[in-house]
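Report on the structure
One letter stands for each residue in the lines below.
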Amino acid sequence: GLTDGMAIQRAPGWAMLGFADRERHTAGVVLFADPDPKAVRTRYYLSWSEGTSPMAEVDPEKDVPGGDPRDCPRPPGLRRAFSMERFDPEPSTTHVYEGPAEPARIAEAYRAGLAERGWQEDPGVAEEFPAGNLLVFAKGDRTCQVMTAQDAEGQVHVTVVVQKR
(Lines give C-alpha, C1' and ligand atoms only; values in the text may rest on other atoms or scores of the structure.)
Protein backbone atom coordinates (compact mmCIF):
# COMPACT_ATOMS: atom_id res chain seq x y z
CA GLY A 1 0.00 0.00 0.00
CA LEU A 2 0.92 3.69 -0.05
CA THR A 3 3.04 4.72 2.93
CA ASP A 4 4.79 8.10 3.22
CA GLY A 5 4.53 8.59 -0.53
CA MET A 6 5.92 5.16 -1.41
CA ALA A 7 4.00 2.07 -2.52
CA ILE A 8 5.36 -1.45 -2.70
CA GLN A 9 3.44 -4.45 -4.03
CA ARG A 10 4.81 -7.95 -4.47
CA ALA A 11 3.26 -11.09 -5.81
CA PRO A 12 4.55 -14.24 -7.49
CA GLY A 13 5.94 -13.20 -10.86
CA TRP A 14 5.95 -9.42 -10.37
CA ALA A 15 6.80 -6.56 -8.03
CA MET A 16 6.15 -2.81 -8.12
CA LEU A 17 7.79 0.11 -6.35
CA GLY A 18 6.18 3.52 -6.79
CA PHE A 19 6.51 7.00 -5.37
CA ALA A 20 4.10 9.93 -5.16
CA ASP A 21 5.09 13.51 -4.30
CA ARG A 22 2.88 16.08 -2.56
CA GLU A 23 1.31 17.10 -5.89
CA ARG A 24 0.55 13.39 -6.58
CA HIS A 25 2.98 13.07 -9.51
CA THR A 26 4.15 9.48 -9.59
CA ALA A 27 7.18 7.50 -10.66
CA GLY A 28 7.58 3.76 -10.50
CA VAL A 29 9.38 0.61 -11.49
CA VAL A 30 7.56 -2.62 -12.29
CA LEU A 31 9.51 -5.90 -12.53
CA PHE A 32 8.16 -9.05 -14.17
CA ALA A 33 9.78 -12.46 -14.01
CA ASP A 34 9.94 -14.16 -17.37
CA PRO A 35 6.99 -16.58 -17.51
CA ASP A 36 9.35 -19.33 -18.73
CA PRO A 37 10.57 -20.95 -15.48
CA LYS A 38 13.82 -21.92 -17.21
CA ALA A 39 14.60 -18.32 -18.19
CA VAL A 40 17.00 -16.23 -16.15
CA ARG A 41 15.82 -12.79 -17.17
CA THR A 42 13.50 -10.19 -15.73
CA ARG A 43 11.56 -7.57 -17.65
CA TYR A 44 11.14 -4.12 -16.16
CA TYR A 45 9.16 -1.00 -16.98
CA LEU A 46 9.72 2.53 -15.73
CA SER A 47 6.78 4.89 -15.44
CA TRP A 48 6.14 8.47 -14.43
CA SER A 49 3.30 10.96 -14.65
CA GLU A 50 3.68 14.51 -15.96
CA GLY A 51 0.51 15.52 -14.18
CA THR A 52 -1.56 14.29 -11.27
CA SER A 53 -1.85 10.51 -11.32
CA PRO A 54 -4.97 8.62 -10.21
CA MET A 55 -2.63 5.80 -9.07
CA ALA A 56 -1.80 7.88 -5.99
CA GLU A 57 -5.37 7.35 -4.73
CA VAL A 58 -5.85 3.63 -5.29
CA ASP A 59 -8.28 1.78 -3.05
CA PRO A 60 -6.81 -1.69 -2.34
CA GLU A 61 -10.29 -3.24 -2.46
CA LYS A 62 -11.16 -1.93 -5.94
CA ASP A 63 -9.71 -2.11 -9.44
CA VAL A 64 -6.78 0.18 -10.12
CA PRO A 65 -7.34 2.71 -12.92
CA GLY A 66 -6.75 1.42 -16.42
CA GLY A 67 -8.38 -1.17 -18.61
CA ASP A 68 -8.45 -4.83 -19.46
CA PRO A 69 -7.04 -6.47 -22.59
CA ARG A 70 -9.37 -5.69 -25.50
CA ASP A 71 -9.94 -9.26 -26.72
CA CYS A 72 -9.04 -11.38 -23.71
CA PRO A 73 -11.37 -12.35 -20.89
CA ARG A 74 -10.97 -10.98 -17.42
CA PRO A 75 -10.48 -13.59 -14.67
CA PRO A 76 -13.82 -14.00 -12.89
CA GLY A 77 -14.07 -12.53 -9.40
CA LEU A 78 -10.58 -10.98 -9.26
CA ARG A 79 -9.68 -7.32 -8.95
CA ARG A 80 -7.33 -5.53 -11.35
CA ALA A 81 -4.14 -4.74 -9.37
CA PHE A 82 -2.07 -3.42 -12.28
CA SER A 83 -2.72 -2.20 -15.84
CA MET A 84 -0.19 -0.91 -18.35
CA GLU A 85 -0.06 -0.27 -22.09
CA ARG A 86 3.23 0.14 -23.90
CA PHE A 87 3.57 1.44 -27.46
CA ASP A 88 7.32 1.48 -28.09
CA PRO A 89 9.01 -0.41 -29.64
CA GLU A 90 5.92 -2.65 -30.16
CA PRO A 91 2.45 -2.38 -28.64
CA SER A 92 1.89 -4.58 -25.60
CA THR A 93 -0.33 -4.67 -22.55
CA THR A 94 0.32 -6.08 -19.10
CA HIS A 95 -2.42 -6.65 -16.54
CA VAL A 96 -2.29 -8.23 -13.09
CA TYR A 97 -5.39 -9.47 -11.28
CA GLU A 98 -5.62 -10.82 -7.74
CA GLY A 99 -8.05 -12.30 -5.27
CA PRO A 100 -9.26 -15.62 -3.88
CA ALA A 101 -9.45 -18.30 -6.58
CA GLU A 102 -8.08 -21.67 -7.65
CA PRO A 103 -5.30 -21.55 -10.29
CA ALA A 104 -6.82 -24.54 -12.14
CA ARG A 105 -10.20 -22.78 -12.46
CA ILE A 106 -8.51 -19.62 -13.75
CA ALA A 107 -6.69 -21.73 -16.38
CA GLU A 108 -10.01 -23.35 -17.42
CA ALA A 109 -11.68 -19.93 -17.73
CA TYR A 110 -8.86 -18.58 -19.92
CA ARG A 111 -8.77 -21.67 -22.12
CA ALA A 112 -12.51 -21.38 -22.78
CA GLY A 113 -12.68 -17.59 -23.01
CA LEU A 114 -9.68 -17.18 -25.32
CA ALA A 115 -10.83 -20.03 -27.60
CA GLU A 116 -14.22 -18.26 -27.95
CA ARG A 117 -12.34 -15.15 -29.09
CA GLY A 118 -10.27 -17.00 -31.71
CA TRP A 119 -7.03 -17.54 -29.78
CA GLN A 120 -5.15 -20.85 -30.21
CA GLU A 121 -3.34 -22.37 -27.23
CA ASP A 122 0.29 -23.46 -27.66
CA PRO A 123 0.24 -26.72 -25.63
CA GLY A 124 4.01 -27.11 -26.05
CA VAL A 125 4.55 -24.11 -23.78
CA ALA A 126 1.88 -24.79 -21.13
CA GLU A 127 3.30 -25.60 -17.70
CA GLU A 128 1.71 -26.63 -14.43
CA PHE A 129 3.41 -25.60 -11.19
CA PRO A 130 2.64 -26.65 -7.61
CA ALA A 131 0.89 -23.31 -7.00
CA GLY A 132 -0.02 -22.13 -10.49
CA ASN A 133 0.37 -22.46 -14.22
CA LEU A 134 1.56 -20.81 -17.43
CA LEU A 135 -0.51 -20.75 -20.62
CA VAL A 136 0.43 -19.21 -23.98
CA PHE A 137 -2.01 -18.45 -26.80
CA ALA A 138 -1.57 -17.00 -30.29
CA LYS A 139 -3.89 -15.01 -32.54
CA GLY A 140 -2.59 -13.49 -35.76
CA ASP A 141 0.70 -11.77 -34.99
CA ARG A 142 0.10 -11.57 -31.22
CA THR A 143 0.62 -13.78 -28.19
CA CYS A 144 -1.22 -13.83 -24.89
CA GLN A 145 0.68 -15.21 -21.90
CA VAL A 146 -1.33 -16.02 -18.79
CA MET A 147 0.67 -16.82 -15.64
CA THR A 148 -1.26 -17.79 -12.51
CA ALA A 149 0.39 -18.15 -9.10
CA GLN A 150 -1.09 -18.71 -5.65
CA ASP A 151 0.70 -17.15 -2.68
CA ALA A 152 1.08 -18.53 0.86
CA GLU A 153 -2.10 -16.73 1.99
CA GLY A 154 -4.16 -18.40 -0.74
CA GLN A 155 -4.50 -15.30 -2.93
CA VAL A 156 -4.17 -15.88 -6.67
CA HIS A 157 -2.21 -13.47 -8.86
CA VAL A 158 -2.86 -13.64 -12.60
CA THR A 159 -0.50 -11.82 -14.97
CA VAL A 160 -1.75 -11.38 -18.56
CA VAL A 161 0.71 -10.08 -21.18
CA VAL A 162 -0.46 -9.48 -24.76
CA GLN A 163 2.24 -8.57 -27.27
CA LYS A 164 3.46 -9.05 -30.85
CA ARG A 165 5.29 -12.29 -31.57
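Here we summarise the structure given alongside this text.

Scoring rules and cut-offs
- Residues numbered from 1 in each chain as written.
- Predicted model: local features only at pLDDT ≥ 70, side-chain atom pairs only at ≥ 80, totals over all residues.
- Heavy atoms only, no water.
- Helix = DSSP H or I, 4+ residues; strand = E, 2+ residues; numbered from the N terminus.
- Buried < 20%, exposed > 50% of the residue type's maximum accessible area, 1.4 Å probe, protein only.
- Contact = heavy atoms within 4.5 Å.
- Areas by Shrake-Rupley, 256 points an atom, 1.4 Å probe, with all protein chains shown as cover.
- 1 Å grid on protein atoms, 1.4 Å probe; cavity = no way out; pocket = protein on both sides within 12 Å on 5 of 7 lines; lining within 4 Å.
- Points joined across faces, edges and corners; volume = space filled by probe spheres on them.
- Nonpolar A, V, L, I, M, F, W, Y, C, P; charged D, E, K, R; others polar.
- Core = buried A, V, L, I, M, F, W, Y, C linked by side-chain atoms within 4.5 Å.
- Polar contact = N/O pair within 3.5 Å; in protein donor to acceptor, adjacent residues only side chain to side chain.
- Disulfide = S-S within 2.5 Å.
- Expected span 1.5 Å × (residues − 1).
- Arc of directions from axis to C-beta.

The secondary structure content of the protein chain amounts to one helix and 12 strands. Within the protein chain, the fraction of its 165 residues that count as buried is 40%. In the protein chain, the proportion of contacts linking residues at least 24 apart, taken out of those at least 6 apart, comes to 42%. Per element, the accessible surface of the protein chain, about 9,500 Å² overall, is 53% carbon and sulfur.

Attention shifts here to the layout of surface pockets. Roughly 310 Å³ of internal volume is contained in the second largest pocket. What lines the second largest pocket is a set of 19 residues, among which Arg70, Glu85, Pro91, Ser92 and Thr93 lie closest to the centre. When contributions to the lining of the second largest pocket are tallied by element, the ones reaching two or more residues are β6 (79–86), β7 (92–100) and β12 (155–164). Of all the elements, β6 adds the most residues to the lining of the second largest pocket, at four residues. Taken together, the residues of the lining of the second largest pocket sort by class into five nonpolar, seven polar and seven charged.

Another point: the nonpolar core. Core analysis: the largest hydrophobic core is formed by 17 residues, its most contacted members being Tyr110, Leu114, Cys144, Val146, Val158 and Val160. If you list the elements that add at least two residues to this core, you get α1 (103–116), β10 (132–139), β11 (142–150) and β12. Each residue touching tyrosine 110, except ones within four places of it in the same chain, is listed here: Pro73, Arg74, Pro75, Tyr97, Ala115, Leu135, Phe137, Val146, Val158 and Val160.

Below, the discussion takes up the side chain of aspartate 71. By the element assignment, aspartate 71 lies in the loop between β5 (42–48) and β6. At a separation of 2.6 Å, a polar atom in the side chain of aspartate 71 contacts the side chain of arginine 142. Sequence-distant contacts of aspartate 71, defined by excluding residues within four places in its chain, comprise Leu114, Arg117, Trp119, Lys139 and Arg142.

One covalent bond between the sulfur atoms of two cysteine residues makes up a disulfide. Counted under the stated rule, the structure contains zero disulfides. Here cysteine 72 is not cross-linked by a disulfide; its sulfur's nearest cysteine counterpart is in cysteine 144, at 3.7 Å. Taking relative accessible area as the criterion, cysteine 72 reaches 7% and is therefore assigned buried.

Right, let's talk about the environment of arginine 80 for a bit. Here arginine 80 is to be found in strand β6. By relative accessible area, which is 8% here, arginine 80 ends up buried. In this structure the C-alpha to C-alpha distance between arginine 80 and glycine 66, which are 14 residues apart in sequence, comes to 8.6 Å. Setting aside residues no more than four positions away along its own chain, arginine 80 makes contact with Lys62, Asp63, Val64, Pro65, Gly66, Gly67, Asp68, Arg74, Val96 and Tyr97. From its side chain, arginine 80 meets the backbone oxygen of glycine 66 in a polar contact 3.2 Å long.

Quick reminder: α-helices carry 3.6 residues per turn. Residues three or four places apart thus point the same way. The first and last C-alpha atoms of α1 sit 20 Å apart over 14 residues, in line with the 20 Å expected at 1.5 Å per residue. The complete set of buried residues in α1 reads Pro103, Ile106, Ala107, Tyr110, Gly113 and Leu114. Buried residues along α1 cover an arc of 140 degrees about the axis, so they all sit on one side. Every exposed residue of α1 that faces more than 90 degrees away from the buried side is listed here: Arg105, Glu108 and Glu116. A positive phi of about 90 degrees marks glycine 118, the residue just after α1.

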